[in-house]
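Chain by chain, the residues run as shown.
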Amino acid sequence: MPDAPNAPADTGKVAARANAVVAVLAFAGIVVSLMQTLVIPLVPQLPELLDAAPSDATWAVTATLLASAVATPVVGRLGDMHGKRRMLLVSLVLLTAGSVVCALSDSLAPMIIGRALQGLSAGVIPVGISIMRDELPAEKLASATAVMSASLGVGGALGLPSAALIADHFDWHVLFWVSTVAGALATVLVVSLVPESRVRTGGRFDLVGALGLSAALVCLLLAISKGAAWGWTSDTTLGLFVVGALVLLVWGAHQLRTSHALVDLRVAARRQVLFTNLASMSFGFSMFAMSLVLPQLLQLPEATGYGLGQSLLVSGLVLAPQGLVMMAMAPFSARISRAQGPRVTLMVGAVTVAAGYVLNMFLMSQIWQLVLASCVIGAGVGLAYGAMPALVMSAVPVSETAAANSLNTLMRAIGTSASSALAGVVLSQMTVSFGPAEVASQNGFRTVMAIGAGAAVLALAIASLIPRQRPTSTGDGATHGAPEPVPAGRVERRA
């Protein structure tokens, strides 16, 4: 056996290459998730900075939301067809270009364009997870996908204090120059260290399906995000809900008829995939409730009797440990999935999140109490987010991994948008007088926390309906249970 002496060295090279791929993809995920919170410190100042009406300035946030929803399923499908690394690079280039546009903008229109371009990069995390399935050894996949999933929370948690710090001490354009550098660095690292996947479906892109889904998502998410401002019973809001629902029905009928569907609804309707996606929506709702409550509670004046009178920077620092806890939970998520299956991991995460919200309802008068509650919630989210890709990937053909993960990410985003809308309604209705103004009451905050706990319990109930998986002998926490066979002729393997 002449090659035997080189085996340890070869194994070491494979391990080092796998670790590099995971690190680069996780960094790219963090950079993309940073874009979601980057503009938050600027929101109150945007009307003045961009010489725009307050209602118009909010489009700098809404544009990112809508672009993310549209891009995620499209990028996933294109990644399965034409190469996941290729679409990862396209997404990062769009993020970098959007950051440059925002950095050079001094008016509303270019800011909206730049923020929309940044939103088009939202497919990086699901596509990155799909690359991991194609490229990593089985024993590394579970922990790697958990790390990649956690990058969503890490970027979001670290983005707020970082952005607040920069906005307080530098010109606001620096925020976007920093994101430009981060996007460019992520692009270079992907080019240098991430290989192109050999697994592709080929076929034709379903342009009609992409346009139909995009139109439905834009209508529904626009109604959700702007309903409070326009009025939930206004003709515009109700009209968007009705049009979105009708377009979605027509789109679904088209997807079932076409041979090259954007989203394979038959695969999406499989019990394991369907209930995982529904649980993802509930988790997206639950996680974001805390991100809305804690900053407001921290920044309200102490004179209210329950506000803590802290700055935006301190508020961000309180949330930052949550993201680090999410990342730290990645190996524990993988370990539970290997031993008990990702279904159990998802259920444990749901119970932990619910416990964190209940804790927060009673402990909200000191900074350390909010840090504790946010870390408990972060631990639960970290466990659950590591399990979701595992459940999805074990139930779909390898040739549809990116599209399936993208749909799962989209469901989380829809839950997040719904959470923002509902929490906004609750906090605007449950108020107390404070000087000449009305501010959210303590009971209003507790109500939102109770809703967050309820959403986590709902995720637990949904997860209990996911079929049990038989552990495999591969050691791969992401493939418990027999994977679905890949249809003949659907996969091209290219060197």
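Note that this is a predicted model, so its numbers are computed, not measured. (Residues numbered from 1 in each chain as written. Predicted model: local features only at pLDDT ≥ 70, side-chain atom pairs only at ≥ 80, totals over all residues. Heavy atoms only, no water.)

**Concerning the pattern of salt bridges**
Where side chains of opposite charge bring their charged atoms close, a pairing between them can arise. Inspection of every chain in the model, using the stated rule, returns 3 salt bridges. Between Asp134 and Lys84 there is a salt bridge, with its nearest N and O atoms 2.8 Å apart. Note that Asp134 is positioned in helix 7 (residues 124-135) and Lys84 in helix 5 (residues 84-103), a separation of 50 residues in sequence. With a relative accessible area of 16%, Asp134 lands in the buried category. Connected via shared salt-bridge partners are Asp80, Lys84 and Asp134. (Salt bridge = Lys/Arg side-chain N within 4 Å of Asp/Glu carboxyl O. Helix = DSSP H or I, 4+ residues; strand = E, 2+ residues; numbered from the N terminus. Buried < 20%, exposed > 50% of the residue type's maximum accessible area, 1.4 Å probe, protein only.)

**A look at the pairing of strand 2 (residues 431-434)**
Pairing of strand 2 with strand 3 (residues 437-440), which is carried by 4 bridges, proceeds in the antiparallel orientation. When the bridges of strand 3 are listed, Ser433 appears paired with Glu438. Linking strand 2 back to strand 3 in an antiparallel pair, the connection comprises 2 residues, with Gly435 at a positive phi of about 65 degrees. (Pairing = 2+ DSSP bridges.)

**Description of unusual backbone geometry**
Note: most peptide bonds trans; most residues except glycine with negative phi. Not every positive phi belongs to a glycine, and Asp51 is a case in point at roughly 55 degrees. By the element assignment, Asp51 lies in the loop between helix 2 (46-50) and helix 3 (54-57).

**Quick notes on the nonpolar core**
Counting residues in each nonpolar core, the largest one holds 68 residues, and the members touching the most others are Leu25, Leu88, Leu92, Met132 and Phe176. A per-element tally of this core places helix 1 (residues 7-37) first, with 9 residues. If you look at the next biggest cluster of nonpolar residues, it comprises 48 residues, including Leu346, Tyr385, Leu427 and Met449. (Core = buried A, V, L, I, M, F, W, Y, C linked by side-chain atoms within 4.5 Å.)

**A closer look at the side chain of Gln369**
Topologically, Gln369 is positioned in helix 17 (residues 367-393). Among the polar contacts listed, one links the side chain of Gln369 to the backbone nitrogen of Met364, at a separation of 3.2 Å. When neighbours within four sequence positions are excluded, Gln369 is seen to be in contact with Leu363 and Met364. (Polar contact = N/O pair within 3.5 Å; in protein donor to acceptor, adjacent residues only side chain to side chain. Contact = heavy atoms within 4.5 Å.)

**Remarks on a nonpolar patch on the surface**
Taken together, Val242, Leu246 and Leu249 make up a surface patch of nonpolar side chains, about 310 Å² in accessible area. Within the secondary structure layout, Leu249 lies in helix 11 (residues 235-257). (Patch = residues over 30% accessible without salt bridge, like charges linked within 9 Å, V, L, I, M, F, W, Y side chains within 5 Å. Areas by Shrake-Rupley, 256 points an atom, 1.4 Å probe, with all protein chains shown as cover.)

**A short note on helix 7**
If you check helix 7, its first and last C-alpha atoms are 16 Å apart, about what 12 residues at 1.5 Å a residue would give, namely 16 Å. In terms of burial, helix 7 is largely enclosed, as 12 of its 12 residues are buried. (Expected span 1.5 Å × (residues − 1).)

**Some words on the packing of helix 13 (residues 271-299) against helix 17**
Contact geometry for helix 13 and helix 17: axes closest at 10 Å, N-to-C directions at 160 degrees. Looking at the two axes, helix 13 sits roughly antiparallel to helix 17. For the element pair helix 13 and helix 17, the recorded crossing hand is left-handed. Taken together, the residues of helix 17 that come into contact with helix 13 (itself represented by Gln272, Thr276, Asn277, Ala279, Ser280, Phe283, Gly284, Met287, Met290, Leu294, Leu297 and Leu298) are Ile367, Leu370, Ser374, Ile377, Gly380, Val381, Ala384, Tyr385, Met388, Leu391 and Val392. The residue makeup of the contact of helix 13 with helix 17, split by class, is 16 nonpolar, 7 polar and no charged. (Axes fitted to C-alpha atoms, helices over the stretch in contact; angles between N-to-C directions. Parallel < 35°, antiparallel > 145°, perpendicular 65-115°, else oblique. Left-handed = near helix turned anticlockwise from the far one by under 90°. Nonpolar A, V, L, I, M, F, W, Y, C, P; charged D, E, K, R; others polar.)

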